[in-house]
Amino acid sequence: MTRRVVLLVLAAFALIGTAGQAQAAGYRYWSFWDRDGGTWVYATQGPSLARPSDGDVQGFRFAVSADSQDAARPRGTADFASICAKTPAKEGTKRVALVLDFGTASDAPSGETPPAARTACAQVSPDATTADALAAVADPLRYDNSALLCAIAGYPKSGCGEQVAEQDPTATPTQRPAADDANDDDGPSVGLYAGIAVVAALAGAATWQARRRRNATD
């Protein structure tokens, strides 16, 4: 096997080794949480569907996350009593405590700076959704055509659920695939299969070349 072929084979193996890493990506978005005691639990409904009860604590966190399993939780330990201490109960309304965490500079879109995290007590009608409560204390809100929450209190100014490389959260994003995209799985990437094919082809070429040389010397 010639030195050139050896180098090509090694390069192909390197391609396989990095193919999985190239797939590592997350989405820059506002995640929605419910406070269960002292623990944040990823919400099972969107804010436009969820209807919190009086005394509930809900949170939002802007960050780059691959999925709900690794999503960054809202920071801070403020509870309902402290958040709504200055908002007395009123008949015919409910109070919802909201924790708004605008994330870190590393998760911010290029050219934007996240506002400081804050809390708010929304006093809304008994049938109000979380989106209603949020609109009452953190306007302006921005949604996309699929009702995905894109901005709270005007942050960020643009973008909505963009896909970004986890290694570089400020990299130029690509459009987030639809939420019901059945092709979004953890299977091998096209690059991985291509790398395997390259290794197989190069190995076959190297074997053929070695046999040719042996036959020439016989």
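Residues numbered from 1 in each chain as written. Predicted model: local features only at pLDDT ≥ 70, side-chain atom pairs only at ≥ 80, totals over all residues. Heavy atoms only, no water.

## Quick look at helix 3 (residues 130–137)
In plain terms, the rule: Only protein chains enter the accessibility calculation, which uses a 1.4 Å probe; a residue is then buried when its area is under 20% of its type maximum, exposed when over 50%, and partly exposed in between. For the purposes of this entry, the term helix denotes a DSSP run of H or I that reaches at least four residues, the term strand denotes a run of E that reaches at least two, and both are numbered from the N terminus. Within this analysis, the arc is defined by the directions that extend from the helix axis to the C-beta atoms. Whether two residues are in contact is decided by their heavy atoms, any of which lying within 4.5 Å being enough.
What helix 3 keeps buried is the set Thr130, Ala131, Ala133 and Leu134. All buried residues of helix 3 fall inside an arc of 160° around its axis, so they share one side. In the core, the buried residues of helix 3 are packed alongside strand 1 (25–36), strand 3 (57–65), strand 4 (94–101), strand 5 (118–124), strand 6 (142–143) and strand 7 (149–151).

## Notes on the packing of aromatic side chains
Quick note on the threshold: Ring pairs shown here join Phe, Tyr and Trp side chains whose ring centres sit within 6.5 Å, with only the six-membered ring taken for Trp; geometry is labelled stacked below 30 degrees between planes, edge-to-face above 60, and tilted in between.
Tallying each qualifying case throughout the model produces 6 aromatic pairs. Ring geometry for Trp30 and Phe62: centres 5.4 Å apart, planes at 55°, overall tilted. Of this pair, Trp30 sits in strand 1 while Phe62 sits in strand 3, placing them 32 residues apart in sequence. Taking the relative accessible area as the measure of exposure, Phe62 reaches 2% and is therefore buried. Three or more aromatic residues link up through ring pairs in this structure, and these residues are Trp30, Phe62, Phe102 and Tyr155.

## Focus on the pairing of strand 2 (residues 39–42)
Formally: The pairing criterion for strands is at least two bridges between them, as found by DSSP.
Inspection of the sheet shows strand 1 paired to strand 2 by 4 bridges, in the antiparallel sense. Bridging from a neighbouring strand, Arg35 pairs with Trp40 of strand 2. Turn length for the strand 1-strand 2 hairpin, with the two strands adjacent in sequence and antiparallel, is 2 residues, and the turn residue Gly37 shows positive phi of about 65°.

## Digging into the confidence of the model for the protein
Our working definition: What pLDDT expresses is the predictor's confidence in each residue, scored from 0 to 100.
Taken residue by residue, the protein gives an average pLDDT of 77. The fraction at 70 or more is 65%. For residues 3–23, every residue scores under 50 in pLDDT, and the model assigns this stretch 22 contacts once sequence neighbours within four places are set aside. Every residue in residues 167–203 scores below 50 in pLDDT, and together they form 44 contacts with partners more than four places removed in sequence or on other chains.

## Considerations on the state of the cysteines
Put simply, the rule reads: We call a pair of cysteine sulfur atoms a disulfide when they lie within 2.5 Å.
Using the criterion set out here, one finds 2 disulfides in the structure. Paired through a disulfide, Cys84 and Cys121 show a sulfur-sulfur distance of 2.0 Å. When the S-S torsion is 100°, as for the bridge of Cys84 with Cys121, the disulfide is right-handed. Taken together, the positions of Cys84 in the loop between helix 2 (80–83) and strand 4 and Cys121 in strand 5 put the pair 37 residues apart, joining distant regions of the chain. As far as the burial class goes, Cys84 and Cys121 line up, both buried. Sulfur-sulfur distance for the disulfide between Cys150 and Cys160 comes to 2.0 Å. Looking along the S-S bond of the Cys150-Cys160 disulfide, the torsion reads about -75°, which is the left-handed sense.

## With respect to the environment of Ala78
Secondary-structure assignment places Ala78 in the loop between strand 3 and helix 2. Ala78 gets classed as partly exposed once you look at its relative accessible area, which sits at 25%. Between the alpha carbons of Ala78 and Leu98 there is a distance of 9.5 Å; along the sequence they are 20 residues apart. Those residues in contact with Ala78, other than ones at most four positions away along the chain, are Arg35, Ile83 and Thr119.

## Here we look at the nonpolar core
To keep things clear, this is the line we draw: Only buried residues count toward a nonpolar core, which is a set of Ala, Val, Leu, Ile, Met, Phe, Trp, Tyr and Cys residues joined through side-chain atoms within 4.5 Å.
Among the nonpolar cores identified, the biggest contains 21 residues, and Trp30, Phe60, Leu98, Leu100, Leu134 and Ile152 are the most heavily contacted of them. Of all elements in the fold, only strand 1, strand 3, strand 4, strand 5 and helix 3 reach the threshold of two or more residues within this core. Take this core: its biggest share by element is 3 residues, from strand 4. For Leu100, the residues in contact, after removing those within four places along its chain, are Phe60, Ala117, Arg118, Leu134, Ala138 and Ile152. Among the nonpolar cores identified, the runner-up in size contains 12 residues, and Trp40, Ala71, Ala97 and Cys121 belong to it.

## Here's the deal with the environment of Pro115
With respect to the helices, strands and loops of the structure, Pro115 is situated in the loop between strand 4 and strand 5. Spatially, the C-alpha atoms of Pro115 and Asp101 are 8.5 Å apart, while their sequence positions differ by 14 residues. When sequence neighbours within four positions are dropped, the list of residues in contact with Pro115 reads Phe102 and Tyr155.

## Notes on the pattern of salt bridges
As a reminder of what qualifies: Just to be clear on terms, a salt bridge is a Lys or Arg side-chain nitrogen sitting within 4 Å of an Asp or Glu carboxyl oxygen.
One pass over the structure, following the stated rule, counts 2 salt bridges. Notably, a salt bridge pairs Arg61 with Asp101, separated by 3.7 Å at the nearest N-O pair. Remark: Asp101 occurs in strand 4 and Arg61 occurs in strand 3; sequence separation between them is 40 residues. Classification of Arg61 by relative accessible area gives buried; the value is 7%. Assessed through its relative accessible area of 0%, Asp101 is described here as buried. Where Arg75 meets Asp101, a salt bridge forms, and the shortest distance between an N and an O atom there is 2.7 Å. A residue pair is termed long-range when its members are at least 10 positions apart, and Arg75 in the loop between strand 3 and helix 2 and Asp101 in strand 4 qualify at 26 residues.

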